[in-house]
Amino acid sequence: MSKLPKDFLWGGAIAAHQAEGGWDKDGKGPSVADVMVAGGVKGYREITDTVEADKYYPNHEAVDFYGHYKEDVKLFAEMGLKALRTSINWSRIFPMGDEAEPNEAGLQFYDDLFDELIKYNIEPVITLSHFEIPLHLAKEYGGFRNRKVVDFFVHFAETVFKRYKDKVKYWMTFNEINNMMDYESPVFLWTNVGVTIEEGENAQEVMYTAGHHALLASALAVKKSKEINPDFQIGGMVAYVPVYPLNSNPNNVMLAEEVMRMRYFFPDVMIRGYYPNYALKLFEREGLNIPILEGDEAILSEGTIDYLGFSYYMSTAVDVDSPVSDVKKVHGSVPHEVDNPYTTATDWGWTIDPVGLRYTLNRLYDRYQIPLFIVENGLGMVDTVESDGSIHDVPRMQYLGDHIEEIKKAVNEDGVDLIGYTPWGIIDIVSFTTGEMSKRYGMIYVDRDNDGNGSLQRSKKDSFYWYKKVIATNGEDL
Ligand code: P53
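Residues numbered from 1 in each chain as written. Predicted model: local features only at pLDDT ≥ 70, side-chain atom pairs only at ≥ 80, totals over all residues. Heavy atoms only, no water.

Going by what an unreviewed UniProt entry lists, the protein is known as 6-phospho-beta-glucosidase and is assigned to Fundicoccus culcitae. The Sequence similarities (unreviewed entry) comment attached to the protein in UniProt states, word for word, "Belongs to the glycosyl hydrolase 1 family." (UniProt positions renumbered as here; feature names shortened; annotations may be inferred.)

Draft legend 1. Region of the structure containing the UniProt feature "active site" (unreviewed entry) in the protein. Cross-referencing UniProt, the feature "active site" (unreviewed entry) maps to Glu-376 in the present numbering. Note on placement: Glu-376 falls in strand β12 (residues 372–376). Given a relative accessible area of 4%, Glu-376 falls into the buried group. Among all residues touching Glu-376, those that are not within four sequence positions of it are Arg-85, His-130, Asn-175, Glu-176, Met-237, Phe-310, Ser-311, Tyr-312, Tyr-313, Thr-422 and Trp-424. Separated by 2.9 Å, the side chains of Glu-376 and Arg-85 make a polar contact. (Helix = DSSP H or I, 4+ residues; strand = E, 2+ residues; numbered from the N terminus. Buried < 20%, exposed > 50% of the residue type's maximum accessible area, 1.4 Å probe, protein only. Contact = heavy atoms within 4.5 Å. Polar contact = N/O pair within 3.5 Å; in protein donor to acceptor, adjacent residues only side chain to side chain.)

Draft legend 2. Just the site of the ligand, in detail. In the vicinity of the ligand lie 19 residues, with Glu-176, Phe-432, Thr-433, Lys-439 and Tyr-441 positioned nearest. Between an oxygen atom of the ligand and a side-chain N or O atom of His-130, the distance comes to 2.9 Å. A distance of 2.8 Å separates an oxygen atom of the ligand from a polar atom in the backbone of Phe-432. Relative to its unbound accessible surface of 510 Å², the ligand loses 98% to contact with the protein. Along the lines of polarity and charge, the residues of the shell around the ligand split into eight nonpolar, eight polar and three charged. (Near = heavy atom within 4 Å. Areas by Shrake-Rupley, 256 points an atom, 1.4 Å probe, with all protein chains shown as cover. Nonpolar A, V, L, I, M, F, W, Y, C, P; charged D, E, K, R; others polar.)

Have a look at this one:
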């Protein structure tokens, strides 16, 4: 079988709020992530009004990538990473979000980080908004339900595009912008767009309003970016969890198709530059009043993205005969969801389905015909440290290897245009959905537990050596 392209971006991914810590260092303001206490597999993370003294907020210190980045980047280089995906912590640059002038110390941190990456020929792949909206914008403006926040985002984007125009080529606007489609679970609207639903509000209408504003913000940022550096590659980013029909019942096939619009709505607009008919029909049918103003259509059509980044962890299935369900899962729920008898699941209930990744690559490439980038994939599991300090994370290597096999088929047999692969949590970080440290994805272990104890010392898991070999052989030796 022929190899993956020579310039394939083998990498790793993290997000600022889950890795950096230093939540109030050097002028950083609090973000929406800084008021989220730890939860668990069974319950959502509580979102507090302000930072409360007697509560534990795992993102405040996280794994202190802020203080350890040089050591960590050196380990990434040793592994052979060609790319590191992370995000710029918005409230490090604009502590409140609505300032005219940025915080120089925050900008300097990312200059130093990008310089360190470039020193080792590691391409930075940067998300502008990965659940790190300044808390002030959420509290005082209502987040992206307020159109003013679009301007603040664009100002932030323009500031960092200008500052890093010679250091960063690959950008993404919003991480998993489609998470907010699960608007009945408070955590997704909060982290995606800084929105809280008030008593008596039509949550669907609020979501599409904030969603429209986020789409405008993304499109305006894309347009602005090209004026700053026409070589920039600006992507969108979605959480892609394919929804299968449970069986060949035509009604299930159609149901799966409809439910998949939860995944497609945002990229449809970001890639085609206009609202799909199924959404316009929904607004009409449900009587949703979405503030699409004159001129917005032009903004959307002029700010289409260059590539689509996506996360892939799992698939799910639906059945018309199953109730819409009020079981809300911490990782997001879809209506009529049922267990798929053909897939197994992790301890956190995320199904394991490598073939689903090849299917995903094909569905997305067929639909959009633009380059794709797998910017998250991985297995969250409990790691055991042996008495000699070694960590034999066999299931992780198995999971990643099985997925890489399917990636190779998608590229070599199906002809999908794929930029790269950056497995999630390349170094252990705080889990987004649960706030735990024990749900680990890393190939580099960090000594820290769910309560914040531990030396923060880094060590190599077996998967570190394994992934190094995978990269060195361009995916041949799995
Ligand atoms: P943790 C749902 C489905 C797929 C990916 O999650 C998801 C979600 C939740 O929105 O989120 C991404 O740490 C997200 C990362 C996150 C990662 O999945 O809960 O972009 O920030 O850490 C893994 O295991």
